[in-house]
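# Close look at the chain arrangement
Below are the chains, spelled out letter by letter.
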Amino acid sequence: MFGSMSDSEKIPEILKLIDILDGLEALIEVAPTEDVEDILEEAWLQVSDTFPEDFKAATQHDAGAEGLRRYLKVKAFFENPSERSISASELEEYYRSYTASEEDEESTDFFFPD
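Attention here is on the structure that accompanies the text. Each chain carries its own residue numbering, running from 1 in the written order of its sequence. The model is predicted, so local features are restricted to residues of pLDDT at least 70 and side-chain atom pairs to those at 80 or more, both for listing and for counting; the totals for chains, interfaces and linings are taken over all residues. Hydrogens and waters are ignored; side-chain quantities use all the structure's heavy atoms.

### Notes on helix H2 (residues 34-48)
Here H2 spans 21 Å end to end across 15 residues, near enough to the 21 Å set by a 1.5 Å rise per residue. Buried, partly exposed and exposed residues are distinguished by accessible area as a fraction of the type maximum, computed with a 1.4 Å probe on protein chains only: under 20%, between the cut-offs, and over 50%, respectively. In this text, helices come from DSSP runs of H or I with a minimum length of four residues, and strands from runs of E with a minimum of two, each type numbered from the N-terminal end. When we look at burial in H2, the residues that qualify are Leu40, Glu41, Trp44, Val47 and Ser48. The arc that holds every buried residue of H2, seen down its axis, measures 125 degrees, which confines them to one face. Those residues of H2 that are exposed and angled more than 90 degrees off the buried face are Asp35 and Ile39. Given a helix with a known number of residues, its expected span is that number minus one, times 1.5 Å. Regarding the arc, it is the one traced by the directions from the helix axis to the C-beta atoms.

Shown next as structure tokens:
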């Protein structure tokens, strides 16, 4: 999906996808049955599978729209620190969620079954 686009061209598309994942996460939480929940989780996986490789790797540590937004901010900052700023607290939050997920692998297991 993101073939030859530059990183900056991908960002609007990626933000739209993150919004879709956000909506799916909200729907998963209110799914009336397990069957519906499974369908929505499958949709979540298929949408997240369209991300570039580095985003897929990032979601393994912080699966979810919020984690993806956090990753996008950190990524943009490191690619161009003079143009994109990030607060120390945002960077710390990203690091904390990343290290917390390493200790609690179960949090992302349902998104990445063996």
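Now that the structure has been shown, the text picks up again.
### What about the pattern of salt bridges?
Note on definitions: salt bridges are taken to be side-chain nitrogens of Lys or Arg within 4 Å of carboxyl oxygens of Asp or Glu. One pass over the full model with this rule turns up five salt bridges. Note that Arg69 is salt-bridged to Asp22, the shortest N-O span being 3.1 Å. On the criterion of sequence distance, the pair formed by Arg69 in helix H4 (residues 65-79) and Asp22 in helix H1 (residues 7-29) is long-range, its members being 47 residues apart. Given a relative accessible area of 31%, Asp22 falls into the partly exposed group. The salt bridge involving Lys75 is made with Glu79; its shortest N-O contact spans 2.9 Å.

### Looking at the packing of aromatic side chains
Note on aromatic contacts: the rings of Phe and Tyr and the six-membered ring of Trp form a pair at centre separations within 6.5 Å, being stacked when their planes are under 30 degrees apart, edge-to-face when over 60 apart, and tilted otherwise. Tallied over the entire structure, the rule returns three aromatic pairs. Between the aromatic rings of Phe77 and Phe78, the centroid separation amounts to 5.1 Å while the plane-to-plane angle is 70 degrees, which identifies the pairing as edge-to-face. Owing to a relative accessible area of 19%, Phe77 belongs among the buried residues under this scheme. By relative accessible area, Phe78 is classed as exposed at 54%. Ring pairing ties together the aromatic residues Phe51, Phe55 and Tyr71, which thus form one cluster.

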